[in-house]
2 protein chains.
Amino acid sequence: MTSSGPLDGIRVVDFSGYIAGPFCTQLLGDMGADIIKVEPPAGEQWRGQDPFSPGFSKSFVALNRNKRSIVLDLKTDKALSTAKALIASADVMVHNYRPGVAERLGIGYEAVRDLNPRLIYASNSAYGQKGPRALHAGYDLVIQAVSGLIASNPNPDGKAPRRYAGIALIDFTAGQTLAIGVLSALIQRQRTGVGQKIESTLIEAALSLQRQKLVSIEAVDGQNPQKSQGTVRDRMRASAKHMHDLVARELYYRTYETSDGYVTIGCLNVPQRRHFMSIVGLEDPWFENPDALPQTDEEDASRRALTAYAEHEFTKRSTTEWVTAFEACAVPCAPVQMSDDLMFDQQVEAGGYFVDFVMPEFGRVRTMGLGITSDGRPKSHRPPPALGQHTKEILDELAARQAAETSANGVR
Amino acid sequence: MTSSGPLDGIRVVDFSGYIAGPFCTQLLGDMGADIIKVEPPAGEQWRGQDPFSPGFSKSFVALNRNKRSIVLDLKTDKALSTAKALIASADVMVHNYRPGVAERLGIGYEAVRDLNPRLIYASNSAYGQKGPRALHAGYDLVIQAVSGLIASNPNPDGKAPRRYAGIALIDFTAGQTLAIGVLSALIQRQRTGVGQKIESTLIEAALSLQRQKLVSIEAVDGQNPQKSQGTVRDRMRASAKHMHDLVARELYYRTYETSDGYVTIGCLNVPQRRHFMSIVGLEDPWFENPDALPQTDEEDASRRALTAYAEHEFTKRSTTEWVTAFEACAVPCAPVQMSDDLMFDQQVEAGGYFVDFVMPEFGRVRTMGLGITSDGRPKSHRPPPALGQHTKEILDELAARQAAETSANGVR
């Protein structure tokens, strides 16, 4: 069973582009599903996002292995009927069009459900079908703003916050959410025999990451929780100052600069904090409850001075020296690594987190794997397809399938 | 079918704590699975994380609805045999112990697989079973450091980077990954009749979010891609300066401060940038390719001056005025909102993203929902359990089940 996948025999027709949709279908393809990537004649948008060769970018390579590509210009009747035949032959359809676009193209749920009652119709959009922003474009950065993610990371000076690392974390979260929706619908179908329409959204993905903050409890927050007063500008300034004050007293759960880099410490209990104090060489009278607010200005000044002292001590030794010392006492810590170091990290190598495959034109490719370890997973991977690489193959399969159905129906 | 869920009849025994595991099992419970949360006598750790009442914190409430709680002290033989009986009766077992701990407790995979060949044994750890860091504690912040996430968000001054917003984004990503592993194993079991062991890790979740950066291609990066030279400290300083220079020229994909808050703009194409220029009232000669590097010092100076001009213009009008003007031309934009505003956001209300339930002692509770819209989803929710609230109920079920099996086996 080791070379087969949990989704063997599952056929997915994928009209999506950018990150969330392609990430979702790559997860399904990594687990053995047959992913048919339907692309417009110009190719999916991310093929051209900083390409290293025409039609291939690293972003595209990272999100589109284990798929086959067919080119269809959905504005032509012939291509549309081919698309519908593919949808009729599939278990799952995925798209990330804005609300109304799939309907205009002729592949909305109402238009295709009768072709295939077992179809799971999965889509991701910015805000879903309802509400004042339903028709707005929702790029990751815009959703980070409207969802509170940007504001939760204020600049120390209270000026306009920068985005987080250019990492589209909302898109990735939404892609996983959509995959969870598809897989659970496949499980439900085995009981009911029918498919269904499922949707995920970028805004819900962004709120999901903040779910611990987004809780209101009648007895705690009052009968009707009140909206905060004041302008966002003033509240952001206050939040920035508050966070700055916390950081100025933070000794045990933070990142320090060393003589050659940075080390991150995560002391969450008293024994760990005792080890921290002896290794750094300081006495913190408040180590048993470091998150408590200072009781006096003197205490506040002393605690800020302690933090400044620790910051100065850390610059005297190298990251490796600090990590060695803390690890000897099992104090949770790690060197701050640059992401391009990860391709060479011993733990990454030993853990087998990456997957390798060969792209005929470009040689060996190494990229991040599925992230799920199991015996029952495919061990080999199909490289990302060239635009339309499998158009003929897929059309031939479709013709053969239709011929078989025709004869099965006794038509001569 | 609207009141039943895709996972009706699936029984999950959950030994996990903190975020990743409980988030995974809440996703399964939201979709109809019966989640039995096994807690130590002191309760799961996050019950006491800033509690609003003994045994209940907002973090716990946000991650533990649709579960039943049973208290078992696994260090006693009686509790261990009860735990094994629960595992034998379940479809899925979830834990997030460090490598070796489940084995020491007597509920490692080898110890329980024979009790239940159909069992899906799912676990999440920091680094997995192999490698130099396999036994290290892996708090979210520590994994952010070692995985490159912290370094990808450098401070403008190159000083030690701060963590991102205290949002445990790696834990949430890992929780979704584990759920994807469980659901796909359930699908595979319907074909093979047997369960399997699956694992997710925090480090892979962190790398997954950066997968677009973590790509090496032989023909592009050379036969043997080279590790970057220089100290992390120097590379972080260089990265911070590079990002600072980019931001100093960034007009179209960023956040601006307004007279009363902040507005985020996401112009990704030429027509959007034309609208932006006319609304802000500036002429950018480089608007067709704004990401190109300046060719001369004069060009660099002019472009920085343009950005400074735009930043000044934005402070002259309110966030609402700017959003209204940009939306009129369909320029992707959004007001920066504070996360506590989201409980009152019209789009959030109209989209129905939150779920409500009643906790007898605390009244109405509103918290973030599943994030998947579908007809085939449960509409009502079970509130988070008090510690051990269902111990007797679950033990009685187990006794009844065992009695039924005994008589079915013809034992008298």
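By the naming in an unreviewed UniProt entry, chain A goes by CaiB/BaiF CoA transferase family protein and is assigned to Mesorhizobium calcicola.

### Focus: the overall build of chain A
Of the regular secondary structure elements, chain A holds 15 helices and 15 strands. Projecting the C-alpha coordinates of chain A onto the three principal axes gives extents of approximately 95 × 55 × 40 Å. With 412 residues in all, chain A has 60% of them scored as buried. Pairs at least 24 residues apart make up 70% of the contacts formed inside chain A by residues separated by at least 6 positions. With the model as given, the accessible surface of chain A reaches about 16,500 Å², and the carbon-plus-sulfur share is 52%. Taken together, the 45 basic and 48 acidic charged side chains of chain A have centroids lying 6 Å from each other.

### Side note on the packing of aromatic side chains
Following the criterion strictly, the structure yields 28 aromatic pairs over all chains and no others. Ring centres of A:Tyr109 and A:Tyr121 lie 5.2 Å apart, and the angle between their planes is 55 degrees; on these two criteria the pair is classed as tilted. Residue A:Tyr109 is located in helix H5 (residues 109–113), and its partner A:Tyr121 is located in strand S7 (residues 120–125); the two are separated by 12 residues in the primary sequence. A:Tyr109 sits in the buried class, given a relative accessible area of 10%. When the ring of B:Tyr252 is compared with that of B:Phe276, the centres are 5.3 Å apart and the planes differ by 70 degrees; the resulting orientation is edge-to-face. Pair noted here: B:Tyr252 is in the loop between helix H10 (232–249) and strand S10 (253–257) and B:Phe276 is in helix H11 (residues 270–280), with a separation of 24 residues, a long-range link.

### Notes on the sheet that holds S10(B)
Residues and elements named next belong to chain B. Read across the sheet, 3 strands follow the order S10-S11-S12 without closing on themselves; strand pairing throughout is antiparallel. Only two strands of the sheet have a single neighbouring strand rather than two, namely S10 and strand S12 (333–335). Direction aside, neighbouring strands of the sheet carry axes that sit 20 degrees apart on average.

### Notes on the pattern of salt bridges
Inspection of the entire model under this criterion finds 58 salt bridges over all chains. Notably, a salt bridge pairs B:Arg68 with B:Glu393, separated by 2.6 Å at the nearest N-O pair. Here B:Arg68 is found in strand S5 (residues 67–71), whereas its partner B:Glu393 is found in helix H15 (residues 391–408), with 325 residues between them in sequence. Judged by its relative accessible area of 4%, B:Arg68 falls in the buried class. Note on B:Glu393: relative accessible area 36%, which makes it partly exposed. We note a salt bridge from B:Lys197 to B:Glu199, for which the minimum N-O separation is 3.4 Å. For B:Lys197, a relative accessible area of 25% puts it in the partly exposed group. Residues joined by salt bridges that share partners form a network here, namely A:Arg11, A:Asp34, A:Arg68, A:Glu393 and A:Glu397.

### Concerning the relation of the copies chain A and chain B
Each copy superposes on the other: chain A lies on chain B with an RMSD of 0.0 Å after a rotation of 180 degrees and an axial shift of 0.0 Å. Both copies of the chain, as the preceding transformation shows, are related through a two-fold rotation axis. Both copies present the same face, since 100% of the interface residues in chain A are matched by interface residues at the equivalent positions in chain B.

### Notes on the interface of chain A and chain B
Contact residues are listed per partner, giving 156 residues for chain A and 156 residues for chain B. When the two sides are added together, the surface that chain A and chain B hide from each other amounts to roughly 13,600 Å², 60% of it contributed by carbon and sulfur. Ionic pairing is found between B:Lys58 and A:Asp221, a salt bridge with its closest N-O pair at 3.0 Å. At the junction of chain A with chain B, the criterion picks out 57 residue pairs in polar contact (both at pLDDT 80 or more). Top contributing element to the side of chain A that touches chain B by residue count: helix H7 (residues 169–192) of chain A, with 16 residues.

What counts and what doesn't
Residues numbered from 1 in each chain as written. Chains lettered and ligands numbered in written order. Predicted model: local features only at pLDDT ≥ 70, side-chain atom pairs only at ≥ 80, totals over all residues. Heavy atoms only, no water. Helix = DSSP H or I, 4+ residues; strand = E, 2+ residues; numbered from the N terminus. Buried < 20%, exposed > 50% of the residue type's maximum accessible area, 1.4 Å probe, protein only. Contact = heavy atoms within 4.5 Å. Areas by Shrake-Rupley, 256 points an atom, 1.4 Å probe, with all protein chains shown as cover. Lys, Arg positive; Asp, Glu negative; His and termini not counted. Charge placed at Lys NZ, Arg CZ, Asp CG, Glu CD. Phe/Tyr/Trp six-rings, centres within 6.5 Å; stacked < 30°, edge-to-face > 60°. Pairing = 2+ DSSP bridges. Axes fitted to C-alpha atoms, helices over the stretch in contact; angles between N-to-C directions. Salt bridge = Lys/Arg side-chain N within 4 Å of Asp/Glu carboxyl O. Least-squares fit on C-alpha atoms with pLDDT ≥ 70 in both. Buried area = accessible area lost by both parts, 1.4 Å probe. Polar contact = N/O pair within 3.5 Å; in protein donor to acceptor, adjacent residues only side chain to side chain.

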